[in-house]
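A structural walkthrough
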Amino acid sequence: MEEEGNMTKAELVVKISEKANLTKANAERALNAFIDAVEGILVKEGKLTLTGFGTFQVEKRKARVGRNPRTGKEIKIPATQVVKFRPGKLLKDAVK
C-alpha cells in the first residue's frame, strides 16, 4: 500500500472484496454503483444521511473576494455549491 493515510480506489476495492467476500470485479462494480448513487442523490435531493456513518450535504458558498497569490491582486470568486461531509457518532467514535 501507499504511505499511511493515503488509500487509492484500487486499494479500497481490494478491502471491499475481502470484507464482503466478493471478486475484485464485483467489489469495483459495487463501489462504482455506490458512488453513482451518492452523486445522483446529492444532485437531486441535496442531502444523504447514512445513519451512524455520516451525512453528505450540498451547501452554497457565497461569492467572495480573494487574492491572486502571485500578484496579490484582488479577484472575484463566484458563488458555487460544495459537498460537505459530517461524520456520524459511530464513525467519530471509531476514529478516536
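Calculation criteria
Residues numbered from 1 in each chain as written. Predicted model: local features only at pLDDT ≥ 70, side-chain atom pairs only at ≥ 80, totals over all residues. Heavy atoms only, no water. Axes fitted to C-alpha atoms, helices over the stretch in contact; angles between N-to-C directions. Helix = DSSP H or I, 4+ residues; strand = E, 2+ residues; numbered from the N terminus. Parallel < 35°, antiparallel > 145°, perpendicular 65-115°, else oblique. Left-handed = near helix turned anticlockwise from the far one by under 90°. Contact = heavy atoms within 4.5 Å. Nonpolar A, V, L, I, M, F, W, Y, C, P; charged D, E, K, R; others polar. Buried < 20%, exposed > 50% of the residue type's maximum accessible area, 1.4 Å probe, protein only. Arc of directions from axis to C-beta. Expected span 1.5 Å × (residues − 1).

Turning our eyes to something else, we now look at the packing of helix α1 (residues 9-19) against helix α2 (residues 24-45). Close contact between α1 and α2 brings their axes to 8 Å; oriented N to C, the two are set at 115 degrees. Between α1 and α2, the interaxial angle falls into the category roughly perpendicular. Where α1 crosses over α2, the two elements pack in a sense that is right-handed. Contacts between α1 and α2 involve Lys9, Leu12, Val13, Val14, Ile16 and Ser17 from the former and Lys24, Ala27, Glu28, Leu31, Asn32 and Ile35 from the latter. When the residues that make up the contact of α1 with α2 are grouped by side-chain class, the tally is seven nonpolar, two polar and three charged.

For the rest of this paragraph, the subject is α1. Residues of α1 that are buried: Glu11, Val13 and Ser17. Taken around the axis of α1, the buried residues stretch over an arc of 155 degrees, which confines them to a single face. In this structure, the buried side of α1 is in contact with α2.

Helix length check: α2 (22 residues) gives 31 Å between terminal C-alpha atoms against 32 Å at 1.5 Å per residue, within 8%. Buried positions along α2 lie against α1, β1 (47-50), β2 (54-61) and β5 (80-87). The positive-phi residue at the C-terminal boundary of α2 is Gly46, with phi of around 85 degrees.

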